[in-house]
Structure formats: structure tokens, C-alpha cells
Amino acid sequence: MIHRTQAVTGKDAANPYSGSSLVPMLIVGLVLTLVGMIAAVVLS
């Protein structure tokens, strides 16, 4: 079994359960949540 960290094929990126795309999606979700909370506080 070869561990590839750099090469991400389109199939892996499209698969939401693949490990290579799960972490970036988690980070993006966290960042968007924080930005939304900050915007809500600023606009309130």
C-alpha cells in the first residue's frame, strides 16, 4: 500500500468520504463558521 499525500485525483476530491478531501472540507467548514459568527456579531 503506497501512501500518496500530494497526488489527489479528481475521483478522490469528488468523494466526500476520502481522507484526502475530508480534512480540507473540515477546515473550510470551521473557517466559514467562524467568519459567519464574527459577521453576525459585527452586524448585530
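Preceding this section is the structure that the text describes.
The model shown is predicted, which means the values in this text are computed figures rather than measured ones.

A few points about the overall build of the protein chain
Scanning the protein chain from terminus to terminus reveals 2 helices and 0 strands. Roughly 4100 Å² of accessible area belongs to the protein chain as shown, and the carbon and sulfur atoms make up 74% of that amount.

Considerations on a nonpolar patch on the surface
A cluster of nonpolar side chains, L22, V23, L26, I27, L30, V31, L34, V35, M37, I38, V42 and L43, forms an exposed patch at the surface whose accessible area comes to about 1200 Å². Tracing the sequence through the fold places M37 in helix 2 (residues 19-43). A relative accessible area of 52% places M37 in the exposed class.

Here is what the cut-offs are and how they apply
- Note that residues are indexed from 1 along each chain, following the sequence as it is written.
- For a predicted model such as this one, the threshold for reporting local features is a pLDDT of at least 70, and the threshold for listing and counting side-chain atom pairs is 80 or more; totals across whole chains, interfaces and linings nevertheless cover every residue.
- Calculation of side-chain values draws on the structure's entire complement of heavy atoms; hydrogens and water are dropped beforehand.
- Each helix is a run of H or I in the DSSP string that is no shorter than four residues. Each strand is a run of E no shorter than two, and both are numbered from the N terminus.
- Methods summary: accessible areas were calculated by the Shrake-Rupley approach with a probe of 1.4 Å, and residue burial reflects only the protein chains presented.
- Patch definition: residues with relative accessible area over 30% and no salt bridge; like charges joined within 9 Å; nonpolar side chains (Val, Leu, Ile, Met, Phe, Trp, Tyr) joined within 5 Å.
- We count a salt bridge whenever a side-chain nitrogen from Lys or Arg sits within 4 Å of a carboxyl oxygen from Asp or Glu.
- Each residue gets one of three labels from its accessible area relative to the maximum for its type: buried under 20%, exposed over 50%, partly exposed in between, using a 1.4 Å probe on protein chains only.

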